[in-house]
Amino acid sequence: MTSAAVRLRERHRALWFWVFVGPFVLGLLVFTYVPLGWSVYLSFFDAHNTVTPDTFVGLDNYRALLGDDAFTSSLWTFCVFTLFIVPATYAASLALALMVNRLRRAQAFFRSVFFLPAACSYVVAALIWKMSLFNGVRFGLANTLLGYGGVDQIAWLSTTDPPWYWLVIVTVRLWLQAGFYMILFLAGLQRISPTLYEAAAVDGARPGWQVFRHITFPQLRATSVAVVLLLVINAFQAFDEFYNLLSDARGYPPYARPPLVYLYYTALGQGQNLGLGSAGAVLLALIIAVVTVGQARWFGLGRKEAD
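A brief structural summary. (Residues numbered from 1 in each chain as written. Predicted model: local features only at pLDDT ≥ 70, side-chain atom pairs only at ≥ 80, totals over all residues. Heavy atoms only, no water.)

### What about the overall build of the chain?
Short version of the rule: Put simply, DSSP H or I for four residues or longer makes a helix, DSSP E for two residues or longer makes a strand, and each gets a number counted from the N terminus. Computation of the radius of gyration draws on C-alpha atoms, with the globule rule given as 2.2 Å multiplied by the number of residues to the power 0.38. Only protein chains enter the accessibility calculation, which uses a 1.4 Å probe; a residue whose area is less than 20% of its type maximum is buried, one above 50% is exposed, and one in between is partly exposed. Here, two residues are considered to be in contact whenever any of their heavy atoms come within 4.5 Å of each other. Method for areas: the Shrake-Rupley scheme with a 1.4 Å probe, in which residue coverage is limited to the protein chains shown.
Helix and strand counts for the chain stand at 13 helices and zero strands. Scanning the chain from its N terminus toward the C terminus, one meets helices and strands in the order α-α-α-α-α-α-α-α-α-α-α-α-α. For 307 residues, the compact-globule formula gives about 19 Å, and the C-alpha radius of gyration of the chain, at 25 Å, lies well above that figure. Projected onto its principal axes, the C-alpha positions of the chain cover 85 × 70 × 35 Å. Out of the 307 residues belonging to the chain, those deemed buried represent 36%. Excluding contacts between residues fewer than 6 apart, the proportion of contacts in the chain whose partners are at least 24 apart in sequence is 66%. For the chain, the accessible surface area stands at approximately 18900 Å², while carbon and sulfur atoms represent 66% of it.

### So, a nonpolar patch on the surface
We count it as follows: What makes a patch is a set of residues exposed beyond 30% relative accessible area and free of salt bridges, joined within 9 Å when like-charged and within 5 Å when nonpolar (Val, Leu, Ile, Met, Phe, Trp, Tyr). By convention in these notes, a salt bridge is any Lys or Arg side-chain nitrogen within 4 Å of a carboxyl oxygen on Asp or Glu.
Residues Leu26, Leu29, Val30, Phe31, Tyr33, Val34 and Leu36 make up a contiguous nonpolar surface patch of roughly 750 Å² in combined accessible area. Within the element layout of this structure, Leu29 appears in helix α1 (residues 3-42).

### Quick word on the side chain of Ser278
Test applied: Here a polar contact is taken to be a pair of N or O atoms separated by no more than 3.5 Å, where protein atoms must pair a possible hydrogen donor with a possible acceptor and residues adjacent in sequence count only if both atoms sit in side chains.
By the element assignment, Ser278 lies in helix α13 (residues 274-299). One polar contact links the side chain of Ser278 to the main-chain carbonyl oxygen of Leu274, over a distance of 2.7 Å. The contact partners of Ser278, leaving out residues within four places of it in the chain, are Ser39, Leu42 and Ser43.

### What about the nonpolar core?
Quick note on the threshold: Residues belong to a common nonpolar core when they are buried Ala, Val, Leu, Ile, Met, Phe, Trp, Tyr or Cys residues joined through side-chain atoms within 4.5 Å.
Phe81, Tyr165, Ile169, Phe242, Leu245 and Leu246 are the most contacted members of the largest nonpolar core, which totals 60 residues. Elements supplying a minimum of two residues to this core: α2 (60-66), α3 (69-102), α5 (122-133), α7 (165-190), α10 (221-236), α11 (240-246), α12 (259-268) and α13. With 13 residues, α7 is the single largest residue contributor to this core.

### Digging into the environment of His214
Tracing the sequence through the fold places His214 in helix α9 (residues 209-219). Between the C-alpha atom of His214 and that of Ala200, which follows or precedes it by 14 residues, the distance is 9.3 Å.

### Some details on the packing of aromatic side chains
Just so we agree on the cut-off: Two rings from Phe, Tyr or Trp (for Trp, the six-membered ring) form a pair when their centres sit within 6.5 Å of each other. Planes less than 30 degrees apart are called stacked, planes more than 60 degrees apart edge-to-face, and all others tilted.
What the rule picks out here adds up to 29 aromatic pairs. Judged by centre distance (5.1 Å) and plane angle (80°), the rings of Phe81 and Phe242 are edge-to-face. With Phe81 in helix α3 and Phe242 in helix α11, this pair connects stretches of sequence that are 161 residues apart. By relative accessible area, Phe81 is classed as buried at 1%. We classify Phe242 as buried; its relative accessible area is 1%. A ring pair is formed by Trp166 and Phe242, whose centres lie 6.1 Å apart and whose planes are at 80°; its orientation type is edge-to-face.

### What about the pattern of salt bridges?
Inspection of every chain in the model, using the stated rule, returns three salt bridges. A salt bridge links Arg63 to Asp60; the nearest nitrogen and oxygen atoms lie 2.8 Å apart. Of this pair, Arg63 and Asp60 both sit in helix α2, three residues apart, which is roughly one turn of the helix. Arg63 sits in the exposed class, given a relative accessible area of 55%.

### Some words on the side chain of Ser93
Locating Ser93 in the fold gives a position in helix α3. Side-chain polar atoms of Ser93 contact the backbone oxygen of Tyr90, separated by 3.1 Å. For Ser93, the contacting residues outside a window of four places in its chain are Ala178, Tyr181, Met182 and Phe185.

### Some details on the packing of α10 against α13
Selection rule: Helix axes are fitted only over the stretch in contact, all axes being lines through C-alpha atoms; the angle between N-to-C directions runs from 0 to 180 degrees. What sets the label is the angle itself: under 35 degrees gives roughly parallel, over 145 gives roughly antiparallel, 65 to 115 gives roughly perpendicular, and the rest give oblique. By definition, any crossing whose near helix is turned counterclockwise from its far helix by less than a right angle is left-handed, and any crossing with a clockwise turn is right-handed.
Contact geometry for α10 and α13: axes closest at 10 Å, N-to-C directions at 165°. Classified by the interaxial angle, the pair formed by α10 and α13 is roughly antiparallel. In this structure, α10 meets α13 at a crossing whose hand is right-handed. Facing α10, whose interface residues are Arg221, Val225, Val228, Leu229, Val232, Ile233 and Phe236, α13 presents Leu284, Ile287, Ile288, Val291, Thr292, Gln295, Ala296 and Phe299.

### What about α12?
In an α-helix there are 3.6 residues to a turn, and that puts residues three or four apart on one side. Those residues of α12 lying buried are Pro259, Val261, Tyr262, Leu263, Thr266 and Ala267. Those residues of α12 that are buried are in contact with α2, α3, α11 and α13.

### Things to note about α13
What counts is decided by this rule: To estimate how far a helix should extend, the number of its residues minus one is multiplied by 1.5 Å.
The end-to-end C-alpha distance of α13, which contains 26 residues, comes to 37 Å, matching closely the 38 Å that a straight helix rising 1.5 Å per residue would cover. Phi turns positive, to about 70°, at Gly300, one or two residues after α13.

### Considering unusual backbone geometry
The omega torsion of the bond from Asp161 to Pro162 falls at 0°, within 30 degrees of zero and hence cis. Along the polypeptide, Pro162 turns up in the loop between α6 (141-148) and α7. The residue Ala106 is not glycine, and still its phi comes out positive at about 55°. Of note in the backbone geometry, Ala256 takes a positive phi value of approximately 55° without being a glycine.

Shown next, in the form of structure tokens:
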């Protein structure tokens with residue numbers, strides 16, 4: 001093959017590469033990186049009801065945000081939500097993966113059944129939880145079951161002492177995402193070499209907890225770290241279930257406002273303070289980045305294991 005033919009072939013490869021990759025890169029640039037850069041730009045301006053401000057305020061938006069009790073309260077809401085949802089989802093998804101992995105028949109069926117809620121819309125699931133399961137009247141499923149035991153009905157989403165709304169929020173998120181993380185754990189389980197279990201049996205290890213503790217769980221370390229990182233990031237981004245469960249015609253209650261709900265009302269509410277909302281988005285992105293990097297370093301993600 002001549003050098004001219006080789007160059008022509010390389011040009012064709014480059015052309016087809018950009019034909020397939022170009023639209024994706026363009027969409028990523030237009031719909032992700034440009035809005036992100038503009039959001040950072042807006043955070044340094046007084047941007048009320050406009051995305052093209054001209055009054056530079058420096059770090060005033062950041063100072064106002066950090067001094068706002070509502071914003072710091074939203075961060076506390078995130079911390080509480082994370083303390084509930086991360087361990088619950090981790091344990092539930094790992095348990096489902098262990099049970100499905102042990103099946104000899106219909107494994108694909110149960111894997112699909114448990115994964116199916118992950119394809120459901122968060123908005124739809126939140127409305128089902130709000131209007132059918134925990135609607136606060138005696139016809140709701142939860143109150144009907146309590147009524148059989150002689151327990152008075154509970155206003156699940158409006159009772160703050162005790163805060164029953166956390167049960168509703170956590171269960172809907174748990175139902176929606178446990179199946180997805182089960183698939184990740186299943187992939188990790190299927191990568192474990194059977195020879196490890198055979199060697200453990202020869203050494204007298206008892207099947208069950210002993211094998212799980214000393215073989216299965218250590219072998220799932222990389223998967224566990226990835227799952228925890230994804231769970232924390234997704235908890236930071238919680239919006240749909242909170243907004244659709246707790247808001248009504250009167251607006252959103254003063255409790256259980258995660259950061260994205262706070263920013264939604266700041267940037268798109270009555271004041272439409274896009275500068276303050278952009279500053280909050282930048283702070284939230286920085287917090288997510290710091291937490292993610294801190295977790296990765298704590299768990300040693302990417303670190304070479306000693307021989």
